[in-house]
Amino acid sequence: MWLLSASLFSLASPVSANIPAENTEATVSVTSTALSDWCKRVTPRLPKVSLADCRGAKLVSSGVSSVDGLALMTRDFGSEAKRKSPVRILLIGGIHGDEHTASSVVFKWMETLQKNRPQEFQWKVAPIVNPDGLLARKRVNAHGVDLNRNFPTPDWDKEARAYWEKKTKSDPRRFPGNAPISEPESRWIFETIKSYKPHVIVSVHAPFGVLDLDGPAKPPRRFGRLLYNRVGVYPGSLGNYGGMHQDIPVLTIELPHALKMPLDVEVTRIWQDMQVWIRNNIPGRKK
């Protein structure tokens, strides 16, 4: 498997003010090269996301890499200065590697965030949290683990394995792993929730074409053409862990197709409706 060095991606973080001026230009150049290499790997799998789109997202390394060594890339968007405690949103895409549109839509929304500043909310965005699965066109990560069954819900040791064996007939696409947060990708989400303390988590999936919500908030009725319809709670799922046990609303957006993007107008409508729902239902409860 093709690897990128962790040291190269560590340069993708913002340049320190203590770096001598003569070194800054070279550092930025290396950063640009690292991002370009990363984008060249992932964009062939992303419908309607070009290499230029990926580079323009100005992602930086989270400091964590996937099992196969591909950086988990993120971008922070600050809120307008008028509000002292803005709503913090963690927006993730592609936790399942075969749901390509889930990452593409997040890239499109990042374009909107860049164009429309300042922002009402504060965002931490990770468009591809399972890059190995994306490259392999598989739901699971490189260890064969379904990352959305790998979070430390209560009694995970008993419930996650039993559910997998009995309910899914040991479906390898839904293997929860041998221990909770055993994978670097799910562990990064877990640690980010602890450090960033989001008021709401938005996770984009496909292809059920519905909305779901776990946790303490009023469910949305619809975003664009997507209607609210519960898809269930599973041992080890992000909705179960974050929504039911961490008291953080976890909004799941299930796009209609895993490989075919919605029309641009629908991508915009979902985004706009989501902003209204957050504004009306997610106050900045945690400081």
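The preceding data block contains the structure.
Fair warning: this is a prediction, and the values are worked out from it, not measured in the lab.

(A) Representation of the overall build of the chain in the model. Counting secondary structure elements, the chain contains nine helices and nine strands. Counting across all 287 residues of the chain, residues that qualify as buried make up 52%. Here the chain has roughly 13200 Å² of accessible surface; of this, 52% comes from carbon and sulfur atoms.

(B) Here's a closer look at the state of the cysteines. Under the counting rule described, the total for this entry stands at one disulfide. Bridging C39 to C54, the disulfide has an S-S length of 2.1 Å. Handedness of the C39-C54 disulfide follows from its S-S torsion of about -80°: it is left-handed. Separated by 15 residues along the polypeptide, C39 in helix α2 (residues 21–42) and C54 in helix α3 (residues 51–56) bring together distant segments of the chain. Grouping residues by exposure puts C39 and C54 together as buried.

(C) Molecular detail of helix α6 (residues 156–166). Within α6, burial applies to W156, A160 and W164. Angularly, the buried residues of α6 cover 35° about the axis, an arc narrow enough to put them on a single face. In α6, those exposed residues whose orientation departs by more than 90 degrees from the buried face are K158 and K166.

(D) Structural context of the packing of aromatic side chains. For the coordinates displayed, the defined rule picks out eight aromatic pairs. Of the aromatic side chains, those joined through ring pairs into one cluster are W109, F121, W123 and W271. Residue placement shows K124 over the ring face of Y196; its charged tip is 5.4 Å from the ring centre. Sitting above the plane of the Y234 ring, R149 keeps its charged end 4.3 Å from the centroid.

(E) Representation of unusual backbone geometry. Between A206 and P207 the backbone carries a cis peptide bond, its omega angle lying at 10°. Structurally, the position occupied by P207 is in the loop between β5 (200–205) and β6 (210–214). One non-glycine residue, K169, lies in positive phi territory at about 60°. Here K169 lies in the loop between α6 and α7 (184–196). We classify K169 as exposed; its relative accessible area is 68%. In this structure, I181 is a non-glycine residue whose phi angle is positive, near 40°. Inspection of the secondary structure puts I181 in the loop between α6 and α7. The exposure class of I181 is buried, given its relative accessible area of 19%.

(F) Spotlight on empty space enclosed by the protein. Counting across every chain of the model gives two cavities of 30 Å³ or more. R149, A160, Y163, W164, T168, R174, P176 and P235 are the residues that line the largest cavity. In the lining of the largest cavity, the residues fall into five nonpolar, one polar and two charged.

(G) Structural detail: the layout of surface pockets. Of the voids in this model, the largest pocket is the one considered here, and its volume is about 440 Å³. Lining the largest pocket are 29 residues, and of these R139, R149, F208, Y234 and E254 lie nearest its centre. Looking at the lining of the largest pocket, the elements with two or more residues in it are β5, β6, α8 (238–245) and β9 (250–254). There is about 230 Å³ of room inside the second largest pocket. For the second largest pocket, the lining is made up of 13 residues, of which R225, M261, P262, L263 and E266 are closest to its centre. Top contributing element to the lining of the second largest pocket by residue count: helix α9 (residues 264–281), with four residues. Taken together, the residues that form the lining of the second largest pocket break down as seven nonpolar, one polar and five charged.

Conventions we followed
Residues numbered from 1 in each chain as written. Predicted model: local features only at pLDDT ≥ 70, side-chain atom pairs only at ≥ 80, totals over all residues. Heavy atoms only, no water. Helix = DSSP H or I, 4+ residues; strand = E, 2+ residues; numbered from the N terminus. Buried < 20%, exposed > 50% of the residue type's maximum accessible area, 1.4 Å probe, protein only. Areas by Shrake-Rupley, 256 points an atom, 1.4 Å probe, with all protein chains shown as cover. Disulfide = S-S within 2.5 Å. Arc of directions from axis to C-beta. Phe/Tyr/Trp six-rings, centres within 6.5 Å; stacked < 30°, edge-to-face > 60°. Lys NZ or Arg CZ within 6 Å of the ring centre and 35° of its normal. 1 Å grid on protein atoms, 1.4 Å probe; cavity = no way out; pocket = protein on both sides within 12 Å on 5 of 7 lines; lining within 4 Å. Points joined across faces, edges and corners; volume = space filled by probe spheres on them. Nonpolar A, V, L, I, M, F, W, Y, C, P; charged D, E, K, R; others polar.

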